[in-house]
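# Close look at the chain arrangement
One-letter residues, chain by chain:
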Amino acid sequence: MRKLTLDDVDVRGERVLIRVDFNVPLDTTEDGSPRVEDDTRIRAALPTIRQVLDDGGKAVLISHLGRPGGQPDPDLSLACVGDHLGTLIEERVRFSSNTVGETVGEIVNGMGDGSVILLENTRFDAGEKSNDDTFAQALADLADVYVNDAFGTAHRAHASTAGVAEHVDVAVMGRLMEKELEALTRVRDHPEHPTVAILGGSKVSDKLGTIEALSETADHLLIGGAMSYTFLKALGREVGTSRFETDRLDTAESLYEQAGDTLHLPDDHVVAEAAEADVEPSVVNSISEDKMGLDIGPDTIDTYRNLILDASTVVWNGPMGVFEIDQFAEGTMAIANAVADATDGGAFSVVGGGDSVSALAQSGCTDRISHVSTGGGALLTFLEGAPLPGIEALTDA
Ligand code: ADP
Ligand code: MG
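We now turn to the structure provided with this report. What you see is a predicted model; the values in this text were computed from it and never measured.

## Let's talk about the overall build of the chain
Looking only at helices and strands, one finds 14 helices and 17 strands in the chain. Since a compact globule built from 397 residues should have a radius of gyration of about 21 Å, the 22 Å found for the chain is in line with a globular shape. With the principal axes as the frame, the chain shows a C-alpha extent of 70 × 50 × 40 Å. Per-residue burial over the chain gives 55% buried out of 397 residues. Considering only contacts within the chain whose residues lie at least 6 apart along the sequence, 74% involve residues at least 24 apart.

Structure (structure tokens):
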């Protein structure tokens, strides 16, 4: 699956269409104008953008933002993202309110070497998500070279991530894409043992394939979060009003049997009447009918922490509880610290998933992790061993 990279192309004077992942959270300033709330993903794309500009390419940036549903939505314009990028790279970043078309084509053709333009949200066009060939061709019309640096959307076969690559002469990986693949290949294909995988979050159904794959490669698979209640329910335990998925009980049961001793479930829980800040939590081993499990308990933290500290490879996706509420955040914070401590001790660690990465930031441990992935769905798909269309579509090395 080796693909060309930026090292294999000479971008000087060329129009370089770069698919970045600028799907960032926005908020509003006091005067009501939109601004970037968290620029982690923009910063992650800088190495590729800087290199193309330094090498004299004309950088034409494309991305999606949110879910506009295939039509323009002013609240999901990338304009403010372009302004933000400009302050980060200290260069003028032009913005085009059209994504494709003749006008954009003329602007792009007139660009100077080493200059940069950001085009409007690709999902303002219905052809993006349907991977429409005409839209893919219109994007390709703006490019001499196509670079995919959007790991976070590499699991989607959309026009700007996959279709476009078929219409250009050369399609290569960006720096972020390379870095992600290097780190993730290491944990998936040649991990140093013992390997500990930690999976949590809201739903088993999102992560079935990943659980199955990791239960084979990992020495220990530690389950937390709401997904643990689907497993516990499947094993006939009382889970009270905890969130679980009725239609996944059979699958959970067979996964549990298949995984054998590898799979660990929490044996104590922080429970309460509701997932709210003003309820009184308690720690229990068995959950009563009227309570819901909202975090892993102290004994589980202890067991999980020790297994993590012994690991040479750690991969973590999915919070251990409702970490957005302080009194249910302890399990997730403890796991974040354990993964960071293991990394300090020489383990190779990967953390990914939108909520997991926020939880990691909340714990203050982000800088102590070997690789913080920008992928959620793409990370799970990769770990599952399934192909990523955004990478498959690139030119073979
Ligand atoms: P990621 O984005 O890292 O992949 P998910 O989206 O799968 O993670 O899950 C994160 C969500 O799971 C969080 O909003 C968290 O509140 C929720 N969650 C975790 N544990 C529980 C639980 N016991 N009950 C309900 N929700 C939970
Ligand atoms: Mg999430």
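We are not done yet, so read on.
## Structural notes on the pairing of strand 6 (residues 116–119)
Residues Val116 and Leu118 of strand 6 are buried on one face, and the alternating residues Ile117 and Leu119, pointing to the opposite face, are buried as well. Where strand 4 (residues 58–62) lies against strand 6, three bridges are found, and the strand directions are parallel. Each residue of the ladder has a partner; that of leucine 61, found in strand 6, is leucine 118. The β-α-β motif built from strand 5 (residues 93–96), the intervening helix 3 (residues 102–109) and the parallel element strand 6 has right-handed crossover chirality.

## Let's talk about the pattern of salt bridges
One pass over the full model with this rule turns up 13 salt bridges. The partner of aspartate 113 in a salt bridge is lysine 58, and the shortest N-O contact between them spans 3.2 Å. Residue aspartate 113 is located in the loop between helix 3 and strand 6, and its partner lysine 58 is located in strand 4; the two are separated by 55 residues in the primary sequence. Accessibility expressed as a relative area gives 11% for lysine 58, which makes it buried. For aspartate 341, the salt bridge goes to arginine 305, with nearest N and O atoms at 3.0 Å. On the criterion of sequence distance, the pair formed by aspartate 341 in helix 11 (residues 330–344) and arginine 305 in helix 10 (residues 298–309) is long-range, its members being 36 residues apart. A residue is classified by how much of its surface remains accessible, and aspartate 341, at 27% relative accessible area, is partly exposed. Here the salt bridges share partners, and the residues they tie into one network are Arg305, Asp341, Asp344 and Arg368.

## What about a negative patch on the surface?
On the surface, a cluster of negative charge is made up of Asp10, Asp54, Asp55, Glu90 and Glu91. Within the element layout of this structure, aspartate 55 appears in the loop between helix 1 (40–54) and strand 4.

## Quick look at the sheet that holds strand 11 (residues 263–264)
Read from one edge to the other, the open sheet built from six strands follows the order 11-10-9-15-16-17, with strand pairing classed as parallel. The open sheet has two edge strands, strand 11 and strand 17 (371–372), and neither has a second partner. Here strand 9 (residues 195–199) pairs with strand 10 (residues 220–223) via four bridges, running parallel. Counted as the bridge partner of leucine 199 is isoleucine 223 from strand 10.

## Comments concerning the packing of aromatic side chains
For the structure on display, the rule yields zero aromatic pairs. The ring of phenylalanine 348 is capped by arginine 186, whose NZ or CZ atom sits 3.7 Å from the centre of that ring. Taking the ring centre of phenylalanine 382 as reference, the NZ or CZ of arginine 188 above it sits at 3.9 Å.

## Observations concerning the pairing of strand 7 (residues 145–148)
On strand 7, burial covers both faces: Val145 and Val147 on one face and Tyr146 and Asn148 on the other are all buried. In this structure, strand 1 (residues 15–19) lies alongside strand 7, joined through four bridges in parallel fashion. What sits directly across from isoleucine 18, in strand 7, is valine 147. Sheet analysis places strand 7 next to strand 8 (residues 170–173), joined by four bridges and oriented parallel. Its bridge partner being in strand 8, valine 145 is matched across the sheet by valine 170.

Rules used in this analysis
Residues numbered from 1 in each chain as written. Chains lettered and ligands numbered in written order. Predicted model: local features only at pLDDT ≥ 70, side-chain atom pairs only at ≥ 80, totals over all residues. Heavy atoms only, no water. Helix = DSSP H or I, 4+ residues; strand = E, 2+ residues; numbered from the N terminus. Rg over C-alpha atoms; globule rule 2.2 N^0.38 Å. Buried < 20%, exposed > 50% of the residue type's maximum accessible area, 1.4 Å probe, protein only. Contact = heavy atoms within 4.5 Å. Pairing = 2+ DSSP bridges. Right-handed = clockwise from strand over helix to strand, strands pointing away. Salt bridge = Lys/Arg side-chain N within 4 Å of Asp/Glu carboxyl O. Patch = residues over 30% accessible without salt bridge, like charges linked within 9 Å, V, L, I, M, F, W, Y side chains within 5 Å. Areas by Shrake-Rupley, 256 points an atom, 1.4 Å probe, with all protein chains shown as cover. Lys, Arg positive; Asp, Glu negative; His and termini not counted. Charge placed at Lys NZ, Arg CZ, Asp CG, Glu CD. Phe/Tyr/Trp six-rings, centres within 6.5 Å; stacked < 30°, edge-to-face > 60°. Lys NZ or Arg CZ within 6 Å of the ring centre and 35° of its normal.

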